[in-house]
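If you want the building blocks of each chain, they are given just below.
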Amino acid sequence: MEPMPGRCFLCGQTLPKAAMSEHLQACRQPQPGGVPVFLVLVEDGYFPETYWLLLEARQDASLSALDDFLRRVWVDCCGHYSQFVIDGQVYGRRPNPSPVEIVLDEEAHRLTMKPLLRGLLTVGQAVDYLYDEMWPSELRLRVLAAYAADLPEGAARVVARNYKPPRACSVCDRPAAWLFTDEWPLRPYCDEHARQHPKWETAPDAFLPYVNSPRVGLCVYRGPAEDALKFEAYPPPTN
Ligand SMILES: [Zn+2]
Ligand SMILES: [Zn+2]
Ligand SMILES: [Zn+2]
């Protein structure tokens with residue numbers, strides 16, 4: 001996967017990943033008041049130069065609020081188990097645990113996600129995140145800075161993220177709209193060629209939308225449910 005530049009959502013500029021965190025700290029207007037937040041870099045464990053985002057999270061938010069946010073922006077397909085590993089301690093969460101899973105999680109000394117970020121995180125800290133044990137999506141988080149900011153609403157917001165990696169249809173040159181998942185590697189198709197595929201009618205679930213997320217093509221992932229959290233722009237042409 002190729003490295004992707006990203007967009008700063010505060011000013012709209014396009015920048016390489018390596019320049020973004022410094023840019024954000026200059027781009028951000030210093031605000032009187034505001035709430036304490038952490039600036040957190042989140043990157044895909046497998047393709048960290050392709051899929052990455054920077055978010056501001058309230059320091060008084062809980063781990064489960066951060067988990068919710070990551071799920072909504074990037075990974076949630078159908079409510080799998082997720083966990084953070086912080087200083088060797090596992091904080092896990094199952095949206096719908098069975099009685100057996102509750103016992104097993106206790107025996108594995110997994111903690112809940114009730115603790116607040118401010119009690120767990122410090123600047124410079126690295127955190128591992130996993131969503132779904134069977135077809136895992138693994139993310140790495142790093143706390144880059146702590147400051148006061150006005151968050152418009154909720155526990156966290158995205159302040160910068162990668163553009164969608166361009167991918168061509170396997171039949172023509174048009175941008176991929178779908179991935180056919182009954183084949184490995186997953187085969188990209190434009191909308192027209194997906195609809196001409198013999199399996200389009202007989203196995204529609206084998207086609208998943210080609211979306212800008214490290215979870216693309218896995219399980220039943222179709223992108224964020226909320227339009228406000230979608231970001232499907234391709235990188236602007238460079239001159
Ligand atoms: Zn900016
Ligand atoms: Zn799923
Ligand atoms: Zn095509």
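A closer look at the packing of aromatic side chains
Here's step 1: Under the defined criterion, the tally for this structure stands at 7 aromatic pairs.
Here's step 2: Centroid distance tyrosine 163 to phenylalanine 231: 5.5 Å. Interplanar angle 45°. Geometry classified as tilted. Here tyrosine 163 is found in the loop between strand S9 (156-162) and strand S10 (178-180), whereas its partner phenylalanine 231 is found in the segment after strand S12 (207-209), with 68 residues between them in sequence.
Here's step 3: Relative to phenylalanine 207, the ring of phenylalanine 180 lies with its centre 5.0 Å away and its plane at 45°, an arrangement referred to as tilted. On the criterion of sequence distance, the pair formed by phenylalanine 180 in strand S10 and phenylalanine 207 in strand S12 is long-range, its members being 27 residues apart.
Here's step 4: Judged by relative accessible area, phenylalanine 180 falls into the buried class, the value being 4%.
Here's step 5: Linked through ring pairs, Trp178, Phe180, Tyr189, Trp200 and Phe207 together constitute an aromatic cluster.
Here's step 6: Here arginine 28 stacks its cationic end above the ring of tyrosine 147, 3.6 Å away from the centre of that ring.

Observations concerning the coordination of the zinc ion (ligand 1)
Six octahedral donors around a metal ideally subtend angles of 90 or 180 degrees, whereas four tetrahedral donors ideally subtend 109.5 degrees.
Here's step 1: Every protein donor of the zinc ion (ligand 1) is accounted for by Cys8 (SG), Cys11 (SG), His23 (NE2) and Cys27 (SG), and the metal-donor separations fall at 2.0 to 2.3 Å.
Here's step 2: Within one chain, the residues serving as donors to the zinc ion (ligand 1) are arranged as C-x2-C-x11-H-x3-C.
Here's step 3: Assessed through its relative accessible area of 0%, cysteine 8 is described here as buried.
Here's step 4: A relative accessible area of 40% places cysteine 11 in the partly exposed class.

Topic: the sheet that holds strand S3 (residues 35-44)
Here's step 1: Ordered by their spatial adjacency, 9 strands build an open sheet running S2-S1-S9-S4-S3-S8-S7-S5-S6, and the pairing between neighbours is antiparallel. The open sheet has two free edges, formed respectively by strand S2 (14-15) and strand S6 (89-93), since each of these has just one partner strand.
Here's step 2: In this structure, S3 lies alongside strand S4 (residues 52-58), joined through 7 bridges in antiparallel fashion. What sits directly across from valine 40, in S4, is leucine 55.
Here's step 3: Relative to strand S1 (residues 6-8), helix H1 (residues 17-27) is tilted by about 0°, and along the sheet it contacts S1, S2, S3, S4, strand S8 (137-149) and S9.

Quick look at the domain arrangement of the protein chain
Here's step 1: Examined at the domain level, the protein chain breaks down into domain 1 (6-162) and domain 2 (178-229).
Here's step 2: Distance from the C-alpha centre of domain 1 to the C-alpha centre of domain 2: 26 Å.
Here's step 3: Taken together, the contact pairs 18 residues of domain 1 with 13 residues of domain 2.
Here's step 4: Of the roughly 1,300 Å² buried between domain 1 and domain 2 on both sides combined, carbon and sulfur atoms contribute 52%.
Here's step 5: Across the contact surface, domain 1 and domain 2 share 2 salt bridges.
Here's step 6: With a closest N to O distance of 2.9 Å, glutamate 226 and arginine 72 form a salt bridge.
Here's step 7: The interface formed by domain 1 and domain 2 contains 9 residue pairs in polar contact (both at pLDDT 80 or more).
Here's step 8: Secondary structure elements with two or more residues in the side of domain 1 that touches domain 2: helix H2 (63-75), S8 and S9.
Here's step 9: The leading source of residues in the side of domain 1 that touches domain 2 is H2, at 4 residues.
Here's step 10: Of the residues belonging to the side of domain 1 that touches domain 2, the class tally is 10 nonpolar, 3 polar and 5 charged.

Rules behind the numbers
Within any chain, residue numbers begin from 1 and follow the written order of that chain's sequence. To read the labels, note that chains go from A and ligands from 1, taken in the order they are written. Per-residue local features are limited, in this predicted model, to residues with pLDDT of at least 70; the limit for side-chain atom pairs, both in listing and counting, is 80 or more; totals at the level of whole chains, interfaces and linings are taken over all residues. Side-chain figures throughout are based on the complete set of non-hydrogen atoms in the structure, without hydrogens or water. Aromatic rings from Phe, Tyr and Trp, taking only the six-membered ring of Trp, are treated as a pair when their centres fall within 6.5 Å; an angle between ring planes under 30 degrees marks them as stacked, one over 60 as edge-to-face, and anything in between as tilted. Helix and strand definitions follow DSSP, with helices as H or I runs of at least four residues and strands as E runs of at least two, each counted in order from the N terminus. Only protein chains enter the accessibility calculation, which uses a 1.4 Å probe; a residue whose area is less than 20% of its type maximum is buried, one above 50% is exposed, and one in between is partly exposed. The criterion for a charge sitting over a ring is simple: Lys NZ or Arg CZ within 6 Å of the ring centre, and within 35 degrees of the ring normal. Each metal's donors comprise the N, O and S atoms found within 2.8 Å of it (within 3.2 Å for Na, K or Ca). Water is not part of the atom list, so some coordination spheres may appear incomplete. Here the rule is simple: two strands pair whenever DSSP picks up at least two bridges between them. Residue contacts follow a heavy-atom distance rule, with two residues in contact if any of their heavy atoms lie within 4.5 Å. Fitted lines through C-alpha atoms give the axes, limited to the stretch in contact for helices. The angle between two N-to-C directions lies from 0 to 180 degrees. Domain borders in the structure are assigned automatically or taken from a domain database. Two parts placed together each lose some accessible area under a 1.4 Å probe, and the buried area is that loss summed for both. Definition used for salt bridges: Asp or Glu carboxyl oxygen within 4 Å of a side-chain nitrogen of Lys or Arg. We call two N or O atoms a polar contact when they sit within 3.5 Å, provided that within protein one can donate a hydrogen and the other can accept it, with sequence-adjacent residues counted only if both atoms are side-chain atoms. Gly falls in the polar group here, along with every residue not listed as nonpolar (Ala, Val, Leu, Ile, Met, Phe, Trp, Tyr, Cys, Pro) or charged (Asp, Glu, Lys, Arg).

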